[in-house]
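Topology and contacts: notes
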Amino acid sequence: MKHIAETGRLILREFINEDAQDFFDLNSDPDVLKFTGDEAFAKIEDAVIFLKNYQERQYRSLGYGRWAVILKNTNQFIGWCGLKKNEEDLIDLGFRFYKDQWNKGYATEAAKATLTYGFHELQLHEIIGRATQENSASIRVLEKIGMKFWKHGNCKGILNSSYYKITKSGFNL
């Protein structure tokens, strides 16, 4: 398992097969999935298969992906955050956390660490973030990390999505 980044409270690392139960549980909460356009896994085995395929498709072929977010003090999986090349061939920042971890600043902290990694380690020049207009919490995170509104568009079938972006030259640690 590869560690990607550390913050004061968090560790970001590649997913491992043992994350399957947490991944399944996280994606089983309708409130967590409300604004994503994703569906819950039907069974735990689906999460296992997804993670195995993800490791090959993202980490090995692209060198980055979404990463598990772990609390340093308890080693608890609380969600994920990371980068992916999306269907529009743009590098997309995304995050998802257990509901009991919302409003604690973890998404902002993990997203900043992800931008730092993307711009400094991967030498990316631009990273985008997308959220449905109704998802004000995710939009606040994107704005807190310095992303600027870019356009409205269709994100995975969600017509009223807001697109944000930030460039390497516009990113301040």
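Residues numbered from 1 in each chain as written. Predicted model: local features only at pLDDT ≥ 70, side-chain atom pairs only at ≥ 80, totals over all residues. Heavy atoms only, no water.

If you look the chain up in an unreviewed UniProt entry, it shows as GNAT family N-acetyltransferase from Aquimarina litoralis.

Applying the stated rule across the entire model yields seven aromatic pairs. Both rings, one in Phe119 and one in Phe171, keep their centres 5.4 Å apart while their planes meet at 45°; by these two values the pair is tilted. Residue Phe119 is found in helix α4 (residues 106-121), and its partner Phe171 is found in the segment after β8 (158-167); the two are separated by 52 residues along the sequence. Each member of the pair, Phe119 together with Phe171, is buried. Linked through ring pairs, Phe15, Phe23 and Phe50 together constitute an aromatic cluster. Over the ring of Trp150 we find Lys151; its NZ or CZ atom is 4.6 Å from the centre of that ring. Lying over the aromatic face of Tyr163, Lys151 brings its terminal NZ or CZ to 5.0 Å of the ring centre. (Phe/Tyr/Trp six-rings, centres within 6.5 Å; stacked < 30°, edge-to-face > 60°. Helix = DSSP H or I, 4+ residues; strand = E, 2+ residues; numbered from the N terminus. Buried < 20%, exposed > 50% of the residue type's maximum accessible area, 1.4 Å probe, protein only. Lys NZ or Arg CZ within 6 Å of the ring centre and 35° of its normal.)

Attention shifts here to the pairing of strand β4 (residues 77-85). Most of β4 sits out of view: seven of its nine residues are buried. Pairing geometry for strand β3 (residues 66-71) and β4, over five bridges, is antiparallel. Directly across from Trp67, in β4, lies its bridge partner Cys81. Where β3 hands over to β4, the hairpin turn is made up of five residues, of which Asn75 adopts a positive phi near 60°. Inspection of the sheet shows β4 paired to strand β5 (residues 91-97) by seven bridges, in the antiparallel sense. Along β5, the bridge assignment pairs Gly82 with Gly94. (Pairing = 2+ DSSP bridges.)

Within a regular strand, side chains alternate between the sheet's two faces. In terms of residue burial, β5 counts as a mostly covered element, since seven of its seven residues are buried. Residues Ile91, Leu93, Phe95 and Phe97 of β5 are buried on one face, and the alternating residues Asp92, Gly94 and Arg96, pointing to the opposite face, are buried as well. Where β4 folds back on β5, the antiparallel hairpin that results is connected by five residues, among which Asp89 adopts a positive phi of roughly 65°. One crossover worth recording links β5 to the parallel strand β6 (residues 126-132) by way of α4, and it is right-handed. (Right-handed = clockwise from strand over helix to strand, strands pointing away.)

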